[in-house]
Amino acid sequence: MTEVSVYQLVRPFAWIAATAFAVGFAGYLAIGPGEPSLAHGPDAPVMASVASAG
């Protein structure tokens, strides 16, 4: 019976993970991070004006 190392068990999953990361990162670079205002949420200016009015 042959001995199986951890490296032999993990290697296929490492290739899948590396491929998925490369595809995802390439998609992120192709699309771009988006508008900065989208990261704050749609109600950010409204909430800022309400907070300053009170």
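Everything here concerns the structure above.
Report on the accompanying structure. (Residues numbered from 1 in each chain as written. Predicted model: local features only at pLDDT ≥ 70, side-chain atom pairs only at ≥ 80, totals over all residues. Heavy atoms only, no water.)

### Focus on the overall build of the chain
To keep things clear, this is the line we draw: Runs of E in the DSSP output that reach at least two residues are strands. Runs of H or I that reach at least four are helices, and both are numbered from the N terminus. Working definition of accessibility: Shrake-Rupley area with a 1.4 Å probe, residue cover restricted to the visible protein chains.
Check the secondary structure of the chain and you find 3 helices and 0 strands. Going from N to C terminus, the chain has its helices and strands arranged as α-α-α. Looking at the chain as shown, the accessible area adds up to about 5100 Å², and 72% of this sits on carbon and sulfur atoms.

### Some points on a nonpolar patch on the surface
Put simply, the rule is: Two joining distances apply to patches: 9 Å for like charges and 5 Å for nonpolar side chains (Val, Leu, Ile, Met, Phe, Trp, Tyr), and every residue must have over 30% relative accessible area and no salt bridge. What makes a salt bridge here is a side-chain nitrogen of Lys or Arg within 4 Å of a carboxyl oxygen of Asp or Glu, nothing more.
Among the surface-exposed residues, Val4, Val6, Leu9 and Val10 lie close enough to one another that they form a single nonpolar patch of about 380 Å² accessible area. Its place among the elements puts Val6 in helix H1 (residues 6-31).

### Some words on H1
The condition that has to hold: In this scheme, a helix's expected span is set at 1.5 Å multiplied by one less than its residue total.
In a regular helix each residue adds 1.5 Å, so 26 residues correspond to 38 Å; H1 covers 37 Å between its end C-alpha atoms and thus fits that length. After H1 finishes, the residue Gly32 shows a positive phi value of roughly 95°.

### Quick notes on the packing of aromatic side chains
Aromatic ring pairs are reported here in terms of the distance separating the ring centres and the angle at which the planes meet. Under the convention used in this document: Under the pairing criterion, centres of Phe, Tyr and Trp rings, with the six-membered ring standing for Trp, must be within 6.5 Å; the plane angle then separates stacked pairs below 30 degrees from edge-to-face pairs above 60, leaving the rest tilted.
Tallying each qualifying case throughout the model produces 2 aromatic pairs. Ring geometry for Phe21 against Phe25: centres 5.9 Å apart, planes inclined by 10°, an arrangement best described as stacked. You can see Phe21 and its partner Phe25 sitting in helix H1, 4 residues apart, about one turn around the helix. Here a set of aromatic residues connected by ring pairs shows up, and it is made of Phe21, Phe25 and Tyr28.

This is a description of form; function is not addressed.
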